[in-house]
Amino acid sequence: MSGESLRVEFRRQVRERVLDTAAALTVERGWDRVRIGEVAVASGVSRPTLYREFGTKDGVGEALVTREAERFFTGIAAELEQHDDPPAGVRAAVRFTLDEAGGNPLLRAILTGSRSGDTSLLPFLTTRGDAIITGGNALVGDWLRRRRPELEARAVTDAVDAIVRLTISHLVSPGLTHADASERLARLTSCLIATAAPV
């Protein structure tokens, strides 16, 4: 292994250690009560190294939410690839997302924390969640374009953006069962595709 690849691997391990520690502390007591100094100590990383890598506590929080989203994207992609029918694929992907979120300790801490006043990580899922929305749009959009290549590109982009944002909305502010929310978004997908003009 070259010196450069050793540095890259070391940096990756440091990031993972810091994020694992930050996640555990967030689950244990909520993000508001997590101090960046204790994350550094508990993960065996110096404060200067942590600040160099993440910048601020917000940088750690954003990286934490992004890493969790990437794990979800892997599962969502697997669900989508099992379906050729767009509404069925969306139904499966939304159901997977909501079910997994319900059993995910970190996401549960973020969402339940937001309901009790600790909203500090929630914006990384919502108002500052550009990376998550962009990643979700790219994932679902690529799948839908491969399934329905005849649809106008703009219509697919708009439909996918609506589906991704509504899934996040159901995640953050649940009002329906997971099955009902999934079914609703599958029906919406049918409607959006039916009104999309072929190329």
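Residues numbered from 1 in each chain as written. Predicted model: local features only at pLDDT ≥ 70, side-chain atom pairs only at ≥ 80, totals over all residues. Heavy atoms only, no water.

1. Quick word on the pattern of salt bridges
Then, number 1: Taken as a whole, this structure holds 17 salt bridges when the rule is applied.
Then, number 2: Note that glutamate 38 and arginine 29 form a salt bridge whose closest N and O atoms lie 2.8 Å from each other.
Then, number 3: You can call glutamate 38 partly exposed: its relative accessible area is 24%.
Then, number 4: When its relative accessible area of 27% is taken as the criterion, arginine 29 is described as partly exposed.
Then, number 5: Among the ionic pairs, glutamate 81 bridges to arginine 147, the shortest N-O distance being 3.2 Å. Linking glutamate 81 in helix H4 (residues 57-81) with arginine 147 in helix H7 (residues 130-147), this pair joins segments that are 66 residues apart in sequence.
Then, number 6: Given a relative accessible area of 40%, glutamate 81 falls into the partly exposed group.
Then, number 7: The exposure class assigned to arginine 147 is buried, which follows from its relative accessible area of 18%. (Salt bridge = Lys/Arg side-chain N within 4 Å of Asp/Glu carboxyl O. Buried < 20%, exposed > 50% of the residue type's maximum accessible area, 1.4 Å probe, protein only. Helix = DSSP H or I, 4+ residues; strand = E, 2+ residues; numbered from the N terminus.)

2. Re H4
Then, number 1: In a regular helix each residue adds 1.5 Å, so 25 residues correspond to 36 Å; H4 covers 36 Å between its end C-alpha atoms and thus fits that length.
Then, number 2: The backbone nitrogen of aspartate 58 lies 3.2 Å from a side-chain oxygen of the residue at the head of H4, namely threonine 56. (Expected span 1.5 Å × (residues − 1). Polar contact = N/O pair within 3.5 Å; in protein donor to acceptor, adjacent residues only side chain to side chain.)

3. Considerations on the nonpolar core
Then, number 1: By size, the foremost hydrophobic cluster in this structure holds 54 residues, and its most contacted members are Val18, Leu50, Val60, Leu64, Ile110 and Leu125.
Then, number 2: Apart from the residues within four sequence positions on either side, leucine 50 is in contact with Val18, Ile36, Val39, Ala40, Val45, Gly55 and Val60. (Core = buried A, V, L, I, M, F, W, Y, C linked by side-chain atoms within 4.5 Å. Contact = heavy atoms within 4.5 Å.)

4. Here we look at the packing of H4 against helix H5 (residues 86-102)
Then, number 1: It is the contact of H4 with H5, at a shortest axis distance of 8 Å, that shows an interaxial angle of 150°. Relative to H5, the element H4 is oriented roughly antiparallel. Considering the relative orientation of H4 and H5, their crossing is right-handed. Along its contact with H4, which presents Phe72, Gly75, Ile76, Glu79 and Leu80, the element H5 presents Gly89, Val90, Ala92, Ala93, Phe96, Thr97, Glu100 and Ala101.
Then, number 2: A class-by-class count of the residues in the contact of H4 with H5 yields eight nonpolar, three polar and two charged. (Axes fitted to C-alpha atoms, helices over the stretch in contact; angles between N-to-C directions. Parallel < 35°, antiparallel > 145°, perpendicular 65-115°, else oblique. Left-handed = near helix turned anticlockwise from the far one by under 90°. Nonpolar A, V, L, I, M, F, W, Y, C, P; charged D, E, K, R; others polar.)

5. Structural notes on the confidence of the model for the protein
Detailed reading of predicted coordinates is not advised where the pLDDT is low.
Then, number 1: Confidence in the prediction for the protein averages 90 pLDDT; 93% of positions are at 70 or higher.
Then, number 2: Considering each helix and strand of the protein separately, the mean pLDDT is smallest for helix H6 (residues 105-115), with a value of 78, and largest for H5, with 96. (pLDDT = per-residue confidence, 0-100.)

6. Re the packing of aromatic side chains
Then, number 1: Per the counting criterion, the structure on display carries zero aromatic pairs.
Then, number 2: Lying over the aromatic face of tryptophan 31, lysine 57 brings its terminal NZ or CZ to 4.8 Å of the ring centre. (Phe/Tyr/Trp six-rings, centres within 6.5 Å; stacked < 30°, edge-to-face > 60°. Lys NZ or Arg CZ within 6 Å of the ring centre and 35° of its normal.)

7. Considerations on the environment of leucine 19
Then, number 1: Among the structural elements, leucine 19 can be located in helix H1 (residues 3-29).
Then, number 2: Here the alpha-carbon distance between leucine 19 and valine 60, two residues 41 residues apart in the chain, equals 7.1 Å.
Then, number 3: Apart from residues lying up to four places away in sequence, leucine 19 is in contact with Phe54, Val60, Ala63, Leu64 and Arg67.

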